[in-house]
Amino acid sequence: MKERILVTRSSMPSLEEYIEEIKGLWDTHWLTNMGVKHKQLENDLAEYMGVPKENLALFVNGHQALECVIEALGLGNELNEKGVRKDEVITTPFTFASTTNAIVRKGLTPVFCDIKRDDYTIDESKIEDLISDRTCAIIPVHVYGNLCAVDKIDSLAQKHNLKVIYDAAHAFAVEKDGVSVARYGDASMFSFHATKVFNTIEGGAICLKDKRFKSKLNDWKNFGITGPETVEYVGGNAKMNEFSAAMGICNLRHLNENILKRKKIVEEYDKKLSGVNGIVVNRGVKEGERGNYAYYPVIFKENVLGFSRDDVFEKLKKNGICARKYFYPLTSTYECYCERFDAKKTPVALEISKQVLTLPLYPELEQGIVDKICDIILGMIE
């Protein structure tokens, strides 16, 4: 049986490099609770992103990071002038389950805003109409590494006195005019899951605008413990372990090189697929931005091509190539939410979710495989 080509593959250092990084743990036996590797990775990441280390906190994964920062910023704790709880969060349904689930799990109500066709991020021109006297925050998502309209969103949030938490799970290492994406909003959440551009096996981080919240984040992720005999918060367990931190330390050394490899693969896809009627490739990196080439999403327009996204998915699958319908379905149509929300209110997101397919993309992907994938797709066109 031929080896399947997966949509992504985890980046890893050499075994020798990782062993060298972790061997000291056998001397200390300190495996968790913010040990030396945890502290080193925090410092390394802060330096890489150009943020003060006092403004960055590590977590066991991005989802727990998002839940913790929602708690730390006190979303849902205020009352409006009518004495009604401000519990609404404007966000997008075109995202991974984690974004919506974190909002709901923290007792808040997602209010879904539609997305833009060119980059699939939240449509900032439609946010203000959704703001009510119950709105407490905006949680936009940087999709596929494409940045939201950060300046407009931040300005809108200031106008209405709203918190902004960016779901930056896809956007690690992305910059705008030389400024890290981590520096926008009140906070940005990053995922370091094994499939991401940068991974710590499992992991995540929060970058904060106000460093005073870091101690609260650290308390929340450690059961709410604030001292040897004091527990001030109803916290959970969301600490990154030392082995994950060590993997992150190693992977960060090779990150820029891997992003360049990803860029070359994206360029090869673009050569083959851009300009084909009925096929829409990702908009690419805008002027002034530094991209991370995290994903390669393609839109297949059935009314033009005569075949659907699902047809392409099945054709590739039969040839041992695993693409991904990412994001499909919309979070607002999940079984656990479908009776609460109307997906027709976000028509662009609904349409894109039925047309999009992300193709394999990782640093070691061979040119011949890229050619094969494109030839299979183009061969479907009569």
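This text follows the structure it describes.
Residues numbered from 1 in each chain as written. Predicted model: local features only at pLDDT ≥ 70, side-chain atom pairs only at ≥ 80, totals over all residues. Heavy atoms only, no water.

1. What to know about the overall build of the chain
In terms of helices and strands, the chain carries 13 helices and 15 strands. Against the compact-globule benchmark of 21 Å for 382 residues, the chain has a radius of gyration of 21 Å, which places it among compact chains. Taking the principal axes of its C-alpha atoms as reference, the chain extends roughly 70 × 60 × 40 Å. The buried share of the chain, taken over its 382 residues, is 55%. A separation of at least 24 residues holds for 70% of the contacts in the chain among residues at least 6 apart in sequence. Counting every atom, the chain has about 17,600 Å² of accessible surface; 50% of that belongs to carbon and sulfur. In the chain, the 51 positive side-chain charges and the 55 negative ones have mean positions that sit 1 Å from each other. (Helix = DSSP H or I, 4+ residues; strand = E, 2+ residues; numbered from the N terminus. Rg over C-alpha atoms; globule rule 2.2 N^0.38 Å. Buried < 20%, exposed > 50% of the residue type's maximum accessible area, 1.4 Å probe, protein only. Contact = heavy atoms within 4.5 Å. Areas by Shrake-Rupley, 256 points an atom, 1.4 Å probe, with all protein chains shown as cover. Lys, Arg positive; Asp, Glu negative; His and termini not counted. Charge placed at Lys NZ, Arg CZ, Asp CG, Glu CD.)

2. Observations concerning the packing of helix α9 (residues 255-273) against helix α13 (residues 367-379)
Close contact between α9 and α13 brings their axes to 10 Å; oriented N to C, the two are set at 25 degrees. In this view, α9 runs roughly parallel relative to α13, as classed from their interaxial angle. Classified by chirality, the crossing of α13 by α9 is right-handed. Of α13, the residues touching α9 (which contributes I265, E268, Y269, K272 and L273) are Q367, V370, D371, I373, C374, D375, I377 and L378. When its residues are assigned to classes, the contact of α9 with α13 shows eight nonpolar, one polar and four charged. (Axes fitted to C-alpha atoms, helices over the stretch in contact; angles between N-to-C directions. Parallel < 35°, antiparallel > 145°, perpendicular 65-115°, else oblique. Left-handed = near helix turned anticlockwise from the far one by under 90°. Nonpolar A, V, L, I, M, F, W, Y, C, P; charged D, E, K, R; others polar.)

3. Observations regarding the nonpolar core
Note on soluble globular proteins: their nonpolar side chains tend to be buried together. L45, F94, F172, Y269, L273, L316 and L359 are the most contacted members of the largest nonpolar core, which totals 75 residues. Residues contacting L273, with those up to four places away along its chain left out, are I279, V281, Y296, V298, L359, C374, I377 and L378. Core analysis: the next-biggest nonpolar cluster, separate from the first, contains 26 residues, V89, A102, A169 and M189 among them. (Core = buried A, V, L, I, M, F, W, Y, C linked by side-chain atoms within 4.5 Å.)

4. Quick look at unusual backbone geometry
Going from Y326 to F327, the amide bond is cis rather than trans, its omega being 15 degrees. Mapped onto the fold, F327 is located in the loop between α11 (309-318) and α12 (347-353). Across the junction of Y328 and P329, the peptide omega takes the value -5 degrees, indicating a cis bond. Summarising the element assignment, P329 is placed in the loop between α11 and α12. For M34, which is not a glycine, the phi torsion comes out positive at approximately 55 degrees. Tracing the sequence through the fold places M34 in the loop between α2 (25-28) and α3 (36-49). Residue M34 is classed as partly exposed on the basis of its relative accessible area, which comes to 23%. For I201, which is not a glycine, the phi torsion comes out positive at approximately 75 degrees. With respect to the helices, strands and loops of the structure, I201 is situated in the loop between β8 (187-191) and β9 (204-208). For I201, a relative accessible area of 38% gives the class partly exposed.

5. Section: the packing of aromatic side chains
One pass over the structure, following the stated rule, counts 19 aromatic pairs. Geometrically, the ring pair formed by F94 and F327 is edge-to-face, given 5.3 Å between the ring centres and 85 degrees between the ring planes. You can see F94 sitting in the loop between β2 (88-91) and α5 (97-105) and its partner F327 sitting in the loop between α11 and α12, a full 233 residues away along the chain. On the basis of relative accessibility, which here comes to 0%, the residue F94 falls in the buried class. Of the residues examined, F327 reaches a relative accessible area of 4% and is grouped as buried. Seen in terms of ring centroids, F112 and F341 are 4.9 Å apart; in terms of plane orientation they differ by 80 degrees. Their pairing is edge-to-face. Here F112 is found in strand β3 (residues 109-112), whereas its partner F341 is found in the loop between α11 and α12, with 229 residues between them in sequence. According to the relative accessible area criterion, F341 is buried, its value standing at 16%. Taken together, the aromatic side chains of F94, Y120, Y144, Y295, Y326 and F327 make up a single cluster linked through ring pairs. R309 extends its terminal NZ or CZ atom over the ring of Y328, reaching a point 4.8 Å from the ring centre. (Phe/Tyr/Trp six-rings, centres within 6.5 Å; stacked < 30°, edge-to-face > 60°. Lys NZ or Arg CZ within 6 Å of the ring centre and 35° of its normal.)

6. Side note on the sheet that holds strand β1 (residues 56-59)
If you walk across this open sheet you meet the seven strands as β1-β9-β8-β5-β4-β2-β3, and the pairing is mixed. What marks the edges here is a single partner per strand, and that holds for β1 and β3. Going across the sheet, the axis of each strand differs from the next one's by a mean of 25 degrees, ignoring polarity. Taken together, the four bridges between β2 and β3 define a ladder with parallel strand orientation. Bridging from a neighbouring strand, V89 pairs with P110 of β3. (Pairing = 2+ DSSP bridges.)

7. A short note on the pattern of salt bridges
Overall, the coordinates contain 30 salt bridges when judged by the stated rule. Residue D133 is joined to K82 by a salt bridge in which the shortest nitrogen-to-oxygen separation is 3.3 Å. With a gap of 51 residues between them, D133 in the loop between β3 and β4 (135-139) and K82 in the loop between α4 (62-72) and β2 connect regions that are remote in the sequence. Overall, K82 belongs to the exposed group, its relative accessible area being 67%. Notably, a salt bridge pairs E128 with K159, separated by 2.8 Å at the nearest N-O pair. With E128 in the loop between β3 and β4 and K159 in helix α6 (residues 150-159), the pair connects residues that are 31 residues apart, well separated along the chain. The exposure class assigned to E128 is partly exposed, which follows from its relative accessible area of 32%. What you see here is one network of salt bridges that share partners, running through K116, D119, E124, R283 and E289. (Salt bridge = Lys/Arg side-chain N within 4 Å of Asp/Glu carboxyl O.)

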